[in-house]
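Given next are the chains, with one letter for each unit.
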Amino acid sequence: MKIRTATLQDLAAVTALEAACFPAAEAAPEAAFRARLETYPESFWVMTDEADRPVAMVNGMCTDTPDLHDEMYENATLHDRAGEWQMIFGVATHPEHQKKGYAGQLLQTAIAASRARGKLGLVLTCKDRLVPYYAKFGFADEGMSDSNHGGVAWHQMRVRF
């Protein structure tokens, strides 16, 4: 397995990966992934198999806004490459490749890249059951987010450098 940043050639694969991992109401559509890949490919990491097909991904934008808001998912123009915070919109591993540590490796890559770029830290939102998982990577639970993305209640979690 190899970790690299995503490209537009990965568009169909990352869209399919998202659809395999999230309910339809939560999954980003192809248009959103196209905008993300065109606007901030440096913040879109994939793990690929031996045929260079993405089997896991972590993606998000940078901003000076300290909290993750729903509009960020849909509006790639809110990205600020120099922004202080790396937002994480999605962590996904294809069901056939889960429980192998791939998401964790990608999170560690995103954390290391964000630290190297001088960010203050990373922010993500997750469901109740995933709070302990993200805590293993240094993310602290800040309580319930204002987000209602996909009609779901989300915890906001942050790792600070």
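Residues numbered from 1 in each chain as written. Predicted model: local features only at pLDDT ≥ 70, side-chain atom pairs only at ≥ 80, totals over all residues. Heavy atoms only, no water.

1. A word on the overall build of the chain
- When helices and strands are tallied, the chain shows five helices and nine strands.
- Secondary structure elements of the chain, listed N to C terminal, follow the sequence β-α-α-β-β-β-α-β-β-α-β-α-β-β.
- Overall size of the chain, expressed as C-alpha extent along the three principal axes, is 40 × 30 × 25 Å.
- For the chain, with 161 residues in total, the buried portion stands at 48%.
- Look at the contacts in the chain between residues 6 or more apart in sequence, and 64% of them connect residues 24 or more apart.
- For the chain, the computed accessible surface area is about 7,700 Å², with 51% contributed by carbon and sulfur atoms.
- Charge centroids of the chain, computed over 16 positive and 21 negative side chains, lie 7 Å from each other. (Helix = DSSP H or I, 4+ residues; strand = E, 2+ residues; numbered from the N terminus. Buried < 20%, exposed > 50% of the residue type's maximum accessible area, 1.4 Å probe, protein only. Contact = heavy atoms within 4.5 Å. Areas by Shrake-Rupley, 256 points an atom, 1.4 Å probe, with all protein chains shown as cover. Lys, Arg positive; Asp, Glu negative; His and termini not counted. Charge placed at Lys NZ, Arg CZ, Asp CG, Glu CD.)

2. Thoughts on the environment of Asn59
- Its location among the elements puts Asn59 in strand β3 (residues 54-59).
- Taking C-alpha positions, Asn59 is 11 Å from Glu18, a pair spaced 41 residues apart along the chain.
- Not counting chain neighbours up to four residues away, the residues in contact with Asn59 comprise Phe33, Arg36, Ser43, Phe44, Met87, Ile88, Phe89 and Gly90.
- At 2.8 Å, the side chain of Asn59 and the side chain of Arg36 are in polar contact. (Polar contact = N/O pair within 3.5 Å; in protein donor to acceptor, adjacent residues only side chain to side chain.)

3. As for the layout of surface pockets
- By volume, the largest pocket amounts to about 850 Å³.
- Along the wall of the largest pocket there are 38 residues; nearest its centre are Phe22, Val91, Ala92, Leu130 and Tyr134.
- By residue number, the principal contributor to the lining of the largest pocket is strand β6 (residues 90-93), which donates four residues.
- Classifying every residue of the lining of the largest pocket by side-chain character gives 23 nonpolar, seven polar and eight charged. (1 Å grid on protein atoms, 1.4 Å probe; cavity = no way out; pocket = protein on both sides within 12 Å on 5 of 7 lines; lining within 4 Å. Points joined across faces, edges and corners; volume = space filled by probe spheres on them. Nonpolar A, V, L, I, M, F, W, Y, C, P; charged D, E, K, R; others polar.)

4. Digging into the sheet that holds strand β5 (residues 85-88)
- As summarised here, the arrangement of the five strands in space is β4-β5-β7-β9-β8, forming an open sheet in which the pairing is mixed. Each of the sheet's edge strands pairs with one partner strand only, and the pair in question is β4 (62-63) and β8 (140-144).
- Here β5 runs beside strand β7 (residues 121-126); their pairing, made up of four bridges, is parallel. Its bridge partner being in β7, Gln86 is matched across the sheet by Leu122. (Pairing = 2+ DSSP bridges.)

5. Description of helix α4 (residues 102-116)
- Over its 15 residues, α4 extends 21 Å from the first C-alpha to the last, a length consistent with the 21 Å expected when each residue adds 1.5 Å.
- Positive phi shows up at Gly118, right after α4, with a value of about 80°. (Expected span 1.5 Å × (residues − 1).)

6. Details of the environment of Glu42
- Residue placement: Glu42 occurs in the loop between α2 (30-39) and β2 (44-48).
- Looking at Glu42, the relative accessible area reads 17%, which means it is buried.
- Leave out the neighbours within four places in its chain, and Glu42 touches Thr5, His79, Arg81 and Arg117.
- A distance of 3.2 Å separates the side chain of Glu42 from the side chain of His79, its partner in a polar contact.
- Of note is the side chain of Glu42, whose polar atom sits 3.4 Å from the side chain of Arg81.

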